[in-house]
Amino acid sequence: MTDRRSTLRLVDQISSGHTTETEGLLVAPAEEAMIRASLTIIHHPSWDLVGLHAPVQNRGSLLGRSPRSCLPGVFDVPKVSRDHAEVRIERGAVVVVDLDSRNGTKVNGEPIERKVLAPGDVVELGGILMMLTLGPASYPEPHHPRILGHSWALAQLLADLERAAKSEHAVTLVGETGTGKELAAEAIHEQSQRAGGPMVAINCSALSEGLIESELFGHEQGAFTGAGGARDGLVAHAEGGTLFLDEVTSTPPRLQAVMLRLLENGTYRPVGGNQQRRADVRVIAAAQPDILDSIDAGSFRSDLWFRLSRRVVELPSLADRREDIPTLARHFARAVRPDAELAPALSRALAAADWPGNVRQLRNVAERIAEASDSPLLSDLGAVPAVTSSAPPPPRLRQRRSPRERPSRATLIEALRTEDGRVAAAARRLGVGRKTLYRWLEGYGIDPDELRQPESDVPT
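All values reported here derive from a predicted model rather than from experimental measurement. (Residues numbered from 1 in each chain as written. Predicted model: local features only at pLDDT ≥ 70, side-chain atom pairs only at ≥ 80, totals over all residues. Heavy atoms only, no water.)

Undergrad: Hey, could you run me through the overall build of the protein chain in this one?
TA: On a plain count of helices and strands, the protein chain comes out with 14 helices and 21 strands. Buried residues in the protein chain amount to 53% of all 460 residues. Within the protein chain, contacts between residues separated by at least 24 positions form 65% of all contacts whose residues are at least 6 apart in sequence. (Helix = DSSP H or I, 4+ residues; strand = E, 2+ residues; numbered from the N terminus. Buried < 20%, exposed > 50% of the residue type's maximum accessible area, 1.4 Å probe, protein only. Contact = heavy atoms within 4.5 Å.)

Undergrad: Whenever I open this one, unusual backbone geometry confuses me. Can you help?
TA: As a rule of thumb, non-glycine residues mostly have phi less than zero, and peptide bonds are mostly trans rather than cis. Here the phi dihedral of Asn108 falls at roughly 55 degrees; this positive angle occurs in a residue that is not glycine. Examined against the element boundaries, Asn108 turns out to sit in the loop between β8 (105–107) and β9 (110–112). Take Asn108: its relative accessible area is 27%, and that puts it in the partly exposed class.

Undergrad: Where do I start with the environment of Arg88 in this structure?
TA: Structurally, the position occupied by Arg88 is in strand β6 (residues 85–90). The exposure class of Arg88 is partly exposed, given its relative accessible area of 24%. For the pair Arg88 and Ser61, spaced 27 residues apart in the sequence, the C-alpha separation amounts to 6.1 Å. For Arg88, the side chain forms a polar contact with the side chain of Glu90, separated by 2.7 Å. (Polar contact = N/O pair within 3.5 Å; in protein donor to acceptor, adjacent residues only side chain to side chain.)

Undergrad: Explain the pattern of salt bridges to me, please; I cannot follow it from the model alone.
TA: Side chains that differ in sign of charge can pair as their charged atoms come close. Taken as a whole and assessed by the stated rule, the structure comprises 20 salt bridges. Where Glu190 meets Arg146, a salt bridge forms, and the shortest distance between an N and an O atom there is 2.5 Å. Taken together, the positions of Glu190 in helix α3 (residues 181–191) and Arg146 in the loop between β12 (128–136) and α2 (152–165) put the pair 44 residues apart, joining distant regions of the chain. On the accessibility criterion, Glu190 (43% relative accessible area) is partly exposed. Given the relative accessible area of 36%, Arg146 is considered partly exposed. Note that Glu168 and Arg194 form a salt bridge whose closest N and O atoms lie 2.9 Å from each other. Here Glu168 is found in the loop between α2 and β13 (171–174), whereas its partner Arg194 is found in the loop between α3 and β14 (199–203), with 26 residues between them in sequence. (Salt bridge = Lys/Arg side-chain N within 4 Å of Asp/Glu carboxyl O.)

Undergrad: What should I look at first to understand the environment of Gly272 in this one?
TA: Residue placement: Gly272 occurs in the loop between β16 (267–268) and β17 (277–278). Taking the relative accessible area as the measure of exposure, Gly272 reaches 56% and is therefore exposed. Taking the C-alpha atoms as reference points, Gly272 and Glu220, separated by 52 residues in sequence, lie 5.5 Å from one another.

Undergrad: When you look at the pairing of β14 in this model, what are you seeing that I'm missing?
TA: Taking every second residue as pointing to the same face, the buried face of β14 carries Val200 and Ile202, while none of Met199, Ala201 and Asn203 on the other face is buried. Here β14 pairs with strand β15 (residues 242–246) via five bridges, running parallel. The residue bridging Ile202 from the neighbouring strand is Leu245, located in β15. (Pairing = 2+ DSSP bridges.)

Undergrad: It is not clear to me how the confidence of the model for the protein chain should be interpreted in this structure. Could you clarify?
TA: The predicted model of the protein chain has a mean per-residue pLDDT of 84, with 85% of residues at 70 or higher. Throughout residues 7–33 the model reports pLDDT below 50, and contacts reaching past four residues in sequence, or to other chains, amount to 45 contacts. Every residue in residues 455–460 scores below 50 in pLDDT, and together they form two contacts with partners more than four places removed in sequence or on other chains. (pLDDT = per-residue confidence, 0-100.)

Undergrad: Any chance you could explain the packing of helix α12 (residues 409–418) against helix α14 (residues 434–444) here in plain terms?
TA: The packing of two helices is summarised by the inter-axis angle and the distance between the axes. Relative orientation of the contacting elements α12 and α14 amounts to 120 degrees, with a least axis distance of 11 Å. With respect to their mutual orientation, α12 and α14 come out oblique. The chirality of how α12 crosses α14 is left-handed. Within the contact between the two elements, α12 uses Arg409, Leu412 and Leu416 and α14 uses Leu437, Trp440, Leu441 and Tyr444. For the contact of α12 with α14, the per-class residue count stands at six nonpolar, no polar and one charged. (Axes fitted to C-alpha atoms, helices over the stretch in contact; angles between N-to-C directions. Parallel < 35°, antiparallel > 145°, perpendicular 65-115°, else oblique. Left-handed = near helix turned anticlockwise from the far one by under 90°. Nonpolar A, V, L, I, M, F, W, Y, C, P; charged D, E, K, R; others polar.)

Undergrad: Whenever I open this one, the side chain of Thr133 confuses me. Can you help?
TA: In this structure, Thr133 sits in strand β12. Classification of Thr133 by relative accessible area gives buried; the value is 5%.

Undergrad: So what exactly am I meant to see when it comes to the packing of helix α9 (residues 325–336) against helix α11 (residues 358–372) here?
TA: Running from amino to carboxyl end, α9 crosses α11 at an angle of 50 degrees, the nearest separation of the two axes being 8 Å. By the angle between their axes, α9 is oblique relative to α11. Crossing angle aside, the handedness with which α9 passes α11 is right-handed. In this structure, α9 contributes Ile325, Leu328, Ala329, Phe332, Ala333 and Val336 to the contact, and α11 contributes Val359, Leu362, Arg363, Ala366, Glu367, Ala370 and Glu371.

Undergrad: Explain α11 to me, please; I cannot follow it from the model alone.
TA: For the α-helix, the turn length of 3.6 residues means that residues three or four positions removed from each other point alike. The terminal C-alpha atoms of α11, which comprises 15 residues, lie 22 Å apart, in line with the 21 Å expected from a rise of 1.5 Å per residue. Among the residues making up α11, those that are buried are Asn358, Val359, Leu362, Val365, Ala366, Glu367, Ile369 and Ala370. Along its buried surface, α11 packs onto α9, α10 (344–352) and β21 (377–378). (Expected span 1.5 Å × (residues − 1).)

As structure tokens, then:
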């Protein structure tokens, strides 16, 4: 059986067009930036090969032990035939065809002779599972000691976190519950110039309105009942490092004004104190994807959002990186049972399941399966959450739905002047909705009526 390094090198040559012929298989060059259908290995008897992917070629991709295989050497296992199956593109659809193999080919656990595939479908032969995924023909393989996976969505995320780490501006991490926002914040901190300083985290939804200001900014002696002595807050403890504000939209309105001052001027005042203090901290916030709804409802200040959204990083859900699920599950199971391995059927079920709680929910399920198993080969399908649809939910292409960063004041004024102060027309010019443009104008204190041309100046 081949090793991962040599296979990666060969697949990269094939997908990037650096070779025109490999073991008799003609290969058409492909643009790396083009979104293409690929077969990504999500389960393999040799786990080192999980994550390898091969773009589906227009002329067909052979699966099997033949040296003409799209992943040479990867299918060298006993139950796979020499020419086992082929995946090809027919009239724009991806089709898998069994080539009269000895042990058959399955899609989503069902035997097939020929099957049209959708993104997220899992092809199985000889205990090897491959998911049909969408992404560039090739991309840098993700590498992080604690954020695990092989998907394109994860590669994008790690690149975003690395770029955010190079800046001193505030960052907001936007993602669903359980996607690992605190872990992402730690990754930014560890790659930043502040890595030598502390990282201090606070969950803004876990403290009452009366406590959170004292927790953040500290208090002076006698500031409130029970304040027997002065105490520094988390801002002071984060001096020279990073302050992570989780669930930032839960911050009480009065405290939002104080946080705005910290972000704008780098100053704060302890509860009950009279003297302003300076803070040398970099703020990373975390919020749910509905943060703009909180702004529209008036529960979260738009001017505070403008400060926090200088850089926004969107965290993918498990639906965006479904091919990573077996790797994550195996990692979590091995934290409980170091010799744990997943049965192919369990990997397939986990990859197809719905995970509203994302990675946090997956971790709980994987640990529970490992704890309850009498064998290192984990196979308990009963613990896997139910699938709400008849087919596995397809992995979504990672769309950057994060709220747009606010343009400069000059850009907004120029757009309004060009459109004679008409907000709807200026919004179309900037590619945003009117509500978004109105928030931007409010943040800068711009009155669009003042930018309209007087009637006498309008050309006739």
